[in-house]
Amino acid sequence: MGAHAIDPGLDDLAATARAALVREIEASGAWITAPVWREAFESVPRHLFVPYYYVGALSGGYERRWGEDPSPRRRENWVRGAYADAPLATRVRDGELLSSSSQPSLMAKMLAELAVRDGDAVLEIGAGTGYNAALLSHRLGDGQVTTVDLDPEITESARQHLALAGHHPTVVTGDGARGCPERAPFDRIIATCTLSTIPRAWLAQCAPGARILAPFATGLIALRVRDSGYAEGRFLHTPAYFVPLRGGGRPGPELPDVDLAELPRRTRNHELLRFLLTLTAGRLDPHEAYGIWEHEGQPPRQRYGITVDGGRAWAWLDDPAGPYAWPLP
């Protein structure tokens, strides 16, 4: 078999596994607000975008699964894993995860929340395997989709995967934090990497009323762009964990190195308290964060938001002008 080919005997298994994945995503409610995405997930073959991937090995580290494995059983495992509703590690270097194919149900949720309309121009930050760009291209057409990544190896492999699946969106090698001015303006920007601030270049490349959807802290922020200097929006309720944005943008936020030992044991690993600590990036000590979190009734993510106004950007709880606000880079 050549690169990216699939054993003809596995065609039926791939089709069956893809149909099962679509049913699983539908049951999760991921595209309940935009069921049009079902057709894209039914049509785009994920296995073409992950000719190999890595899974955790029992002995530690990663084990490679690939479509040209000499073992028929392991090739079947590769196909089944390609259609699991799970993230897949696609690039690992020295034990560090560099790139992955996101969990399909989370991708479906993000695409539904992007709220694209026919004719929208979309910029994707983080090309990954090309699978997300293929889903966008199926929905909008190749000419409406641009995907950018800093790593030329990633963009080249994404371009090959997309061509194999019959899609030819614009694939750009460059710093995602700088956007893609030559293809602007965009009606939607979607990022598949975690941010620590909102790149101002993105706002300048957006049409008025554009929507930006991006991982931030351990959540997803949905911003409405008013103009090149102003955007505002709230987090979705959905937790989200992605690799950080690389390049001119700052690395994505991580949970600060803080001592939680003096907090009540039941709260130390509470996911929403850790979201607050990550969002504020060390600007609150654990006791202060815990006090706000308890006083405000352990607020879910959708009570938090971000505002960008000219040279200022800040995160907030409930109200951009309220008492709880924290500056962002």
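Residues numbered from 1 in each chain as written. Predicted model: local features only at pLDDT ≥ 70, side-chain atom pairs only at ≥ 80, totals over all residues. Heavy atoms only, no water.

## Here we look at the packing of aromatic side chains
- For the structure shown, the criterion picks out nine aromatic pairs.
- Ring centres of Phe 216 and Phe 235 lie 6.4 Å apart, and the angle between their planes is 75°; on these two criteria the pair is classed as edge-to-face. Separated by 19 residues along the polypeptide, Phe 216 in strand β9 (residues 206-216) and Phe 235 in strand β11 (residues 230-235) bring together distant segments of the chain.
- Given a relative accessible area of 2%, Phe 235 falls into the buried group.
- Both rings, one in Phe 275 and one in Tyr 304, keep their centres 5.2 Å apart while their planes meet at 75°; by these two values the pair is edge-to-face. Placement of Phe 275 in helix α8 (residues 271-280) and of Tyr 304 in strand β12 (residues 304-309) is noted, with a sequence separation of 29 residues between them.
- Given a relative accessible area of 0%, Tyr 304 falls into the buried group.
- Joined through ring pairs, the aromatic side chains of Trp 31, Phe 41, Phe 49 and Tyr 131 make up one cluster.
- A cation over a ring is seen here: Arg 64 above Tyr 52, with NZ or CZ 4.6 Å from the ring centre. (Phe/Tyr/Trp six-rings, centres within 6.5 Å; stacked < 30°, edge-to-face > 60°. Helix = DSSP H or I, 4+ residues; strand = E, 2+ residues; numbered from the N terminus. Buried < 20%, exposed > 50% of the residue type's maximum accessible area, 1.4 Å probe, protein only. Lys NZ or Arg CZ within 6 Å of the ring centre and 35° of its normal.)

## Side note on unusual backbone geometry
- Backbone torsion omega between Ala 184 and Pro 185 reads 5°, so that peptide bond is classified as cis.
- As for its placement among the helices and strands, Pro 185 is situated in the loop between β7 (170-173) and β8 (186-191).
- For Ala 217, which is not a glycine, the phi torsion comes out positive at approximately 55°.
- The phi dihedral of Gln 298 falls on the positive side, at around 50°, and the residue is not glycine.
- Along the polypeptide, Gln 298 turns up in the loop between α9 (286-295) and β12.

## Regarding the packing of helix α1 (residues 11-28) against helix α4 (residues 104-114)
- Two elements in contact, α1 and α4, have axes separated by 10 Å at closest approach and are oriented at 55°. Taken together, the axis directions place α1 and α4 in an arrangement best described as oblique. The way α1 lies across α4 gives a crossing that is right-handed. Residue-level inspection shows Leu 21, Ile 25 and Ser 28 of α1 in contact with α4, the latter providing Pro 104, Ser 105 and Ala 108.
- Considered class by class, the residues forming the contact of α1 with α4 number four nonpolar, two polar and no charged. (Axes fitted to C-alpha atoms, helices over the stretch in contact; angles between N-to-C directions. Parallel < 35°, antiparallel > 145°, perpendicular 65-115°, else oblique. Left-handed = near helix turned anticlockwise from the far one by under 90°. Contact = heavy atoms within 4.5 Å. Nonpolar A, V, L, I, M, F, W, Y, C, P; charged D, E, K, R; others polar.)

## Focus on empty space enclosed by the protein
- Within the structure shown, the criterion is met by one cavity of 30 Å³ or more.
- Of the pockets and cavities examined, the largest cavity occupies roughly 40 Å³.
- Residue lining of the largest cavity: Ser 102, Met 107, Met 110, Asn 132, Ile 190, Thr 192 and Phe 242, and that is the complete set. (1 Å grid on protein atoms, 1.4 Å probe; cavity = no way out; pocket = protein on both sides within 12 Å on 5 of 7 lines; lining within 4 Å. Points joined across faces, edges and corners; volume = space filled by probe spheres on them.)

## With respect to the sheet that holds β11
- The ten strands lie next to each other as β7-β6-β5-β8-β9-β10-β11-β12-β13-β14, forming an open sheet whose pairing is mixed. One side of each edge strand has no neighbouring strand; the edge strands of this open sheet are β7 and β14 (325-327). On average, each strand axis in the sheet is tilted by 20° relative to the strand beside it, whichever way the strands run.
- Of the strand pairs in this sheet, strand β5 (residues 122-125) and β8 are connected by four bridges, and their pairing is parallel. Within β8, the position partnered with Glu 124 by the bridge is Ile 190.
- Across the sheet, helix α6 (residues 152-164) is in contact with β6 (145-149) and β7; its angle to β7 comes to roughly 165°. (Pairing = 2+ DSSP bridges.)

## Considering the nonpolar core
- In this structure, Ile 125, Phe 216, Ile 306 and Trp 326 are the most contacted members of the largest nonpolar core, which totals 49 residues.
- The leading source of residues in this core is α8, at six residues.
- Residue contacts for Phe 216: discarding those within four places in its chain leaves Thr 194, Leu 195, Ser 196, Thr 197, Ile 198, Ile 221, Phe 235, Phe 275, Leu 279, Ile 306 and Leu 328.
- One finds Leu 48, Leu 111, Leu 114 and Ala 134 within the second-largest nonpolar core, a separate group that totals 48 residues. (Core = buried A, V, L, I, M, F, W, Y, C linked by side-chain atoms within 4.5 Å.)

## Side note on the environment of Gly 174
- With respect to the helices and strands, Gly 174 occurs in the loop between β7 and β8.
- Distance from Gly 174 to Arg 93, taken between C-alpha atoms, is 21 Å for residues 81 residues apart in sequence.
- Excluding residues that lie within four positions of it along the chain, Gly 174 makes contacts with Val 148, Asp 149 and Leu 150.

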